[in-house]
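Results of the structural survey
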Amino acid sequence: MTSTTRNLDSGVRELDIAGTWQCRLDPDSVGELDQWFRAPLPQDSPEVALPGSLQHQGIGADVTLDTPWTGGIVDRSFFTDERYAPYREPGNISVPFWLQPQVYYQGAAWFQREIDVPEGWADRRVQLTLERVHWESTVWIDERRVGIEASLSTAHRHDLGRLEPGRHRLTIRVDNRAVVNVGPNAHSVSDHTQGNWNGIIGEISLSAQDDVQINQVRVFPDVRRRSALVKVDILTGTAVTKHGRIELSAKRRNGAGEHVIGPVTAPFEVDHGRDLAERGLTAGGTHLDIELPLGEEAMTWDEFQPALYDLTVHLVAEASGRVHHDEATTVFGLREVGVEGTQVTINDKRTFIRGTLESCVFPLTGYPPTDVGSWCHILEVLRSHGLNLLRFHSWCPPKAAFTAADEAGVYLQVEAPVWANQGAALGEGRDVDAFLIDETHRILREYGNHPSFIMMAHGNEPGGRDVEFLTAWVNAWRTQDPRRLYTTGAGWPAVQENDFDNIPAPRAHRWGEGLESRLNATPPETRSDYREWVAASPRPIISHEIGQWCAHPDLNEVSKYTGLMQPRNFGIFADFLQASGMLDQADDFLHSSGRLQALCYKEDIEAALRTEGFAGFHLLGLTDFPGQGTALVGVLNAFWESKGYCTPEEFARFSGPTVPLARLPRRVWRSDEAIVFDAQIAHFGPEPLHAGLTWSLRDRTGQELAGGSIAQDLRVPLGNGTHSGPVALPSGVCTGPAQVTLVLTLEGADGARYENDWDLWIFAEDGEPAQESAVRTSTRIEEAIELATGGERVLLELQPEDVHNDIALGFAPVFWNTAWTGGQAPHTLGLLHDPDHRLFDAFPTDGATNWQWWDLLHGAKAIVMDHLPLSLRPTVQVIDTWFEARRLGVLFEVNIGAGRLVVTSLNLDPSEGRLAARQFRRSLLAYMASDDFAPASSIDAQTLADALQAAPPQSDRRAD
């Protein structure tokens, strides 16, 4: 129940027992056998602060090669490759798989302190509340064993029984070893994310409980009737209850003006011993359904207007000869989530889920925060990037996250703490089956009233005979609590019983596609969408974990890790860069790869927004994921902070509630042709829009070259079915070569503006590329070196078959990371070059990979330059995966003998309308023919020939 009980009769009701506790480690689990609970823990035992974890307070052992990590390790090269030998040395262990805790402890730990029970609690039961225990808690009061709890998602509540007023010894044993195999990579337990901590990190309190009490309050809003059905379970215990009454009252927490509801009174009678076990009651009691009218002025809750109500439930009952009082409070919102065809609705209005993941990554503490302020900050950052949902991947957050999301108007997809794969499985009769059912019940009971809690999955990507089991899971919980949408699992299976499918297929790059994915195999355009998926599905589809585009590690980030978790993996990557002579380029690698990453996310997100009837997406992710081999997939780091190459405003232009879209057949145009596109608007705001839509073509300084109106009086309903076009921009606006930006602006009648933009390139009319007579060209290594040595200016165009390595060079950057995926393509992170280099005079570029490079990269290979002098840096450099850190290039220039040579492995084939390749070749030849062609480095012929003809060792990133 989302509630806080207080003021039973009179006097103190709750005692906060957070503070200093004695602690004793029990790695061999001998404490229970030796009955440590029977006496005070030894005085020389360390003192710890609770709430908190052992590891965060420096208690544990140093990390070794034998540390019993919780989590799968796909790439075993750390244990076998000589390159990692220095990091396997005792005292210098540095693992590349995840953030490394300063100390590690796995096993039982005992916590003990004295408590004082007030005089007024003599005739009441005492309940111990432990919020956020990792993982199993066993409790003794004095020498009596109370019980054991093992939830990963909700507070552990132990009934201590009736206690004599005065001093008692309270002993708690916490064991962070696996109670149930929920999957070693489940983010609820894995060292890939928060780490396997031991402790109690939230509320630690005692409360006095009467026999007659409010056991649970559930609120079922009805938006059309502007009312709420309040379901109250009353527990009478051993008291013989004759009669009583429930009083309901509510008050709006936020919004304009004060709105007070009630009181509404409902009487009840109960016979002692009535069996309500099916409602979670363990003794006598009753259940009431009470209608609470909210009034016509009641405000609904959604992402645009998160109006909240605080409900107070007061109980007065006569039992066992006296009058009893109890009170509970809970929050709720007037909110209904539903399905309309293939889309999700909030309060009967179509919405579009724009989500990202929170994978329980908290580097400073190694565990999630339990204060509301920390979660408010995270959700503020999420909203500033235009997103509206946070998915909790295989874990359930603390209550503070729900409170913050309620207030911020952020939707939550919550999951039980299960990733039953990689050794775990569902539907096979294992312990995880029962644990999942119990944990789901606990989550819904504890957090079910929060309006932000709109979706639920059992967990992530299940294995085993899961379909039948999870189908039953969906049916059962939707019947018991229909206040949210349910799906079997994040990832799969897609069954007809799902309210929505959360599947990985509709996205720009899927697992295993490599260089055959859309962004790598298809020339750039902005028309692709997922209409075939919508047509084939009777339910909403929310794309599972789209993106996964990587950027280079930000080595400046290391200084931020001032707590438990240490980025020793980043230290390895820095060492690899240093050994390759590229450490000074780390910041440039970050920025250039980051711009490519953001570009790919923009296209991935817009493809979803372009799809009529589509329900939404979950990014993986807005933030980096520092585990699973180190997956630097976010435009934000693990602290939810910017990495400096993409602002929230820039990201929100293509990911917010209202996004203008341009459906362009291509990105590169001839100067003598009109740029033609269709305009589309994805609008999922609070109300339909009345707006005007205009276009603008701007140069690289932002100066407008041309502009015009697309629609003057546009009525934009909720959805993404508003189209205008075709729109034809006049030819000759720019003669080229030029990089221009197409901007669409939607301006509402209320003055609100929504803009989005796309980079385009305009080159001269299609024709044969210029061939400079001063430049010789060759595709043969020996011939080119011989010509250059003899004094010629030579362009050597290496063919793919002449580049002897297994590096998969694509347009898009690394997907997830090469270690975790077994070396999936592509293997690189984009290009780095100086945009002011004279080579690019006729080929506009901004120093990073943009869409005009697609022609040049498609079918190209990267040259390994490790055997060439360090002073020779490529003019167009390829950024390697951080696990290899090879010096790579696709174009470099050298003095050789009496001549000058450019070596390139780019695809410069100018045929079949490949305008960008044609234009680059033209610009390159013009540069080579000019007086500016003066390479800074020299090399002898034999060294260059040997380096180009050598076959470097093949990378070995296969899964073990």
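Scroll up to find the structure this text is about.
Residues numbered from 1 in each chain as written. Predicted model: local features only at pLDDT ≥ 70, side-chain atom pairs only at ≥ 80, totals over all residues. Heavy atoms only, no water.

Quick notes on the packing of aromatic side chains
Defined as follows: Each Phe, Tyr or Trp ring (for Trp, its six-membered ring) is paired with any other whose centre lies within 6.5 Å, and the angle between the two planes then decides the class: stacked below 30 degrees, edge-to-face above 60, tilted in between. Each helix is a run of DSSP H or I of at least 4 residues and each strand a run of E of at least 2, with the numbering of both proceeding from the N terminus. Burial classes follow relative accessibility: with a 1.4 Å probe on protein chains only, a residue under 20% of its type's maximum area counts as buried, one over 50% as exposed, and anything between as partly exposed. Whether a charge sits over a ring comes down to the Lys NZ or Arg CZ being within 6 Å of the ring centre and within 35 degrees of the ring normal.
Per the stated rule, a full pass over the model turns up 43 aromatic pairs. Ring geometry for F402 versus Y447: centroids 4.3 Å apart, planes at 15°, classification stacked. Linking F402 in helix α3 (residues 399-408) with Y447 in helix α4 (residues 431-447), this pair joins segments that are 45 residues apart in sequence. You can call F402 buried: its relative accessible area is 0%. When its relative accessible area of 3% is taken as the criterion, Y447 is described as buried. These aromatic residues form a ring-pair network of at least three members: W69, F78, F79, Y84, Y87, F97, W98, Y104 and F576. Across from the ring centre of F220, 5.6 Å away, lies the NZ or CZ of K231, which sits over that ring. One Lys or Arg, R483, reaches over the ring of F220 and ends 4.4 Å from the middle of that ring.

Some words on helix α14 (residues 941-949)
Heads up, the rule is: Note: the arc covers the axis-to-C-beta directions of the helix. Between two residues, a contact is recorded if the distance between any of their heavy atoms is within 4.5 Å. Pairing of N or O atoms within 3.5 Å defines a polar contact, subject to two protein rules: one partner must be a possible hydrogen donor and the other a possible acceptor, and residues neighboring in sequence count only if both atoms are side-chain atoms.
Taken together, the buried positions of α14 are occupied by L944, A945, A947 and L948. Down the axis of α14, the buried set is contained in an arc of 165°. They therefore lie on one face. Taken together, the buried residues of α14 touch α11 (781-789), β42 (793-797), β44 (863-864), β46 (888-896) and β47 (899-904). The opening residue of α14, the one whose side-chain oxygen lies 3.1 Å from the backbone nitrogen of Q942, is D940.

Examining the state of the cysteines
Where we set the bar: Two cysteine sulfurs form what is called a disulfide whenever their separation falls within 2.5 Å.
Applying the stated rule across the entire model yields zero disulfides. Between C646, a free cysteine, and C600, which holds the nearest cysteine sulfur, the sulfur-to-sulfur gap is 12 Å. Residue class for C646 comes out buried when judged on its relative accessible area of 3%.

Concerning the environment of A155
Checked against the element boundaries, A155 lands in the loop between β10 (144-149) and β11 (156-162). With relative accessibility at 13%, the residue A155 sits in the buried group. The residues contacting A155, other than those within four sequence positions of it, are T129, L130 and E131.

Some thoughts on the packing of α11 against α14
Filter applied, for reference: To get an axis, a line is fitted to the C-alpha atoms, and for a helix only the part in contact is used. The angle between two axes follows their N-to-C directions and goes from 0 to 180 degrees. Reported orientations rely on four angle classes, namely roughly parallel under 35 degrees, roughly antiparallel over 145, roughly perpendicular from 65 to 115, and oblique for the rest. Each helix crossing is assigned a hand: it is left-handed if the near helix lies turned anticlockwise from the far helix by less than a right angle, otherwise right-handed if that turn is clockwise. Under the grouping applied here, Gly and all other residues not named as nonpolar or charged are polar, the nonpolar ones being Ala, Val, Leu, Ile, Met, Phe, Trp, Tyr, Cys and Pro and the charged ones Asp, Glu, Lys and Arg.
Closest axis-to-axis distance for the α11/α14 pair is 11 Å, and the angle between their directions is 160°. If you check the angle between α11 and α14, you find them roughly antiparallel. When you trace α11 past α14, the crossing you get is right-handed. Contacts between α11 and α14 involve I781, E782, I785 and T789 from the former and A941, L944, A945, L948 and Q949 from the latter. When the residues that make up the contact of α11 with α14 are grouped by side-chain class, the tally is six nonpolar, two polar and one charged.

Some details on the side chain of E755
Along the chain, E755 turns up in strand β40 (residues 753-763). With a relative accessible area of 18%, E755 lands in the buried category. At 2.7 Å, the side chain of E755 forms a polar contact with the side chain of T745. A polar contact is formed between the side chain of E755 and the side chain of R753, at a distance of 2.8 Å. Among all residues touching E755, those that are not within four sequence positions of it are R653, P660, R698, V743, L744 and T745.

Examining the nonpolar core
The cut-off we apply is this: Think of a nonpolar core as a cluster: buried Ala, Val, Leu, Ile, Met, Phe, Trp, Tyr and Cys residues, connected wherever their side-chain atoms sit within 4.5 Å.
Ranked by size, the top nonpolar core spans 159 residues in total, and within it V182, W375, L390, F651, W853, F920 and L924 carry the most contacts. Broken down by element, the residue count for this core peaks at 12 residues, all from helix α9 (residues 586-609). If we ignore the near neighbours within four places in the chain, the residues touching W853 are L831, H833, F840, F843, T845, A848, V876, L906 and F920. Judged by nonpolar contacts, the second largest core, of 31 residues, contains V232, A250, A266 and F332.

Looking at the sheet that holds strand β9 (residues 136-141)
The condition is simple: One bridge is not enough; two strands pair if DSSP finds at least two bridges between them.
Ordered in space as β3-β2-β6-β12-β9-β10, the six strands form an open sheet in which the pairing is antiparallel. Each edge of the sheet is formed by a strand with only one pairing partner; in this case those strands are β3 (47-50) and β10. If you compare each strand with its neighbour and ignore which way they point, the axes differ by 30° on average. Two strands pair when backbone bridges link them, and β9 and β10 are joined in this way by five bridges, in the antiparallel orientation. Each residue of the ladder has a partner; that of W140, found in β10, is R145.

Examining the pattern of salt bridges
Threshold: Take a side-chain nitrogen of Lys or Arg and a carboxyl oxygen of Asp or Glu: if they are within 4 Å of each other, that pair is a salt bridge.
Scanning the model with the defined rule gives 54 salt bridges in all. Close ionic contact of R225 with D222 constitutes a salt bridge, the shortest N to O distance being 4.0 Å. One salt bridge connects R354 with E303, and the closest N-O pair in it is separated by 3.4 Å. Here the residue R354 occupies a position in strand β25 (residues 353-358), and E303 occupies one in the loop between β19 (284-293) and β20 (309-319), the gap between them amounting to 51 residues. For the pair formed by R354 and E303, the shared burial category is buried.

Details of the pairing of strand β43 (residues 828-833)
Burial runs high along β43: six of the six residues are buried. Direction of pairing for β43 relative to strand β45 (residues 876-880): antiparallel, over a ladder of four bridges. Note on β45: the bridge partner recorded for H833 is V876.

Let's talk about unusual backbone geometry
Most peptide bonds take the trans form, and the phi angle of most residues other than glycine is negative. Cis geometry marks the peptide bond from G262 to P263; its omega dihedral reads 10°. Cis rather than trans, the peptide bond between G725 and P726 has omega equal to 10°. By secondary structure assignment, the location of P726 is in strand β38 (residues 719-729). One non-glycine residue with positive phi stands out, namely C360, at about 65°. Relative to the helices and strands, C360 is located in the loop between β25 and α2 (372-384). Here C360 falls in the buried class, since its relative accessible area comes to 0%. The phi torsion at S394 lies on the positive side, around 50°, for a residue other than glycine. For S394, the position within the fold is in the loop between β26 (389-392) and α3. Take S394: its relative accessible area is 0%, and that puts it in the buried class.

Function cannot be inferred from these measures alone, as they are strictly geometric.
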